[in-house]
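Spelled out from the first residue to the last, the chains are:
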Amino acid sequence: TTAAIGKGFAIGSAALVSLALTAAFVTRTEVLENGVNLLNPTVFAFLLVGSMLPYWFSAMTMKSVGIAAMEMVKEVKRQFDTIPGLLEGTPGH
């Protein structure tokens, strides 16, 4: 279904974003030159935040798709309620 395809894209983009954020973190902090010290509170905090961001973005994407779908359902219901003969399929509709 369309929703499953959208969720698949969201998961795939989350994986790519996770990789990009990790690469940006490694480049910015130069951890490869100095080594990674997970006992450093700054390193630990930003690794935690960076690892959560892709999932947060994916959740926001999926939530917005759900909201948009519900708005479309409401609009279709409104049209069926307000346009006489639309549901029956009378000529001109």
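The structure reproduced in this document is the subject of the present report. (Residues numbered from 1 in each chain as written. Predicted model: local features only at pLDDT ≥ 70, side-chain atom pairs only at ≥ 80, totals over all residues. Heavy atoms only, no water.)

A look at the pattern of salt bridges
Okay, so step 1: For the structure on display, the rule yields 3 salt bridges.
Okay, so step 2: Between Glu-71 and Lys-74 there is a salt bridge, and its shortest N-O distance comes to 3.8 Å. Remark: Lys-74 and Glu-71 occur in helix α3 (residues 41–82); sequence separation between them is 3 residues, near one turn of the helix.
Okay, so step 3: Judged by relative accessible area, Glu-71 falls into the partly exposed class, the value being 46%.
Okay, so step 4: Note on Lys-74: relative accessible area 48%, which makes it partly exposed.
Okay, so step 5: The partner of Arg-78 in a salt bridge is Glu-75, and the shortest N-O contact between them spans 2.7 Å. Highlighted residues: Arg-78 and Glu-75, both in helix α3, separated by 3 residues, approximately one helical turn. (Salt bridge = Lys/Arg side-chain N within 4 Å of Asp/Glu carboxyl O. Helix = DSSP H or I, 4+ residues; strand = E, 2+ residues; numbered from the N terminus. Buried < 20%, exposed > 50% of the residue type's maximum accessible area, 1.4 Å probe, protein only.)

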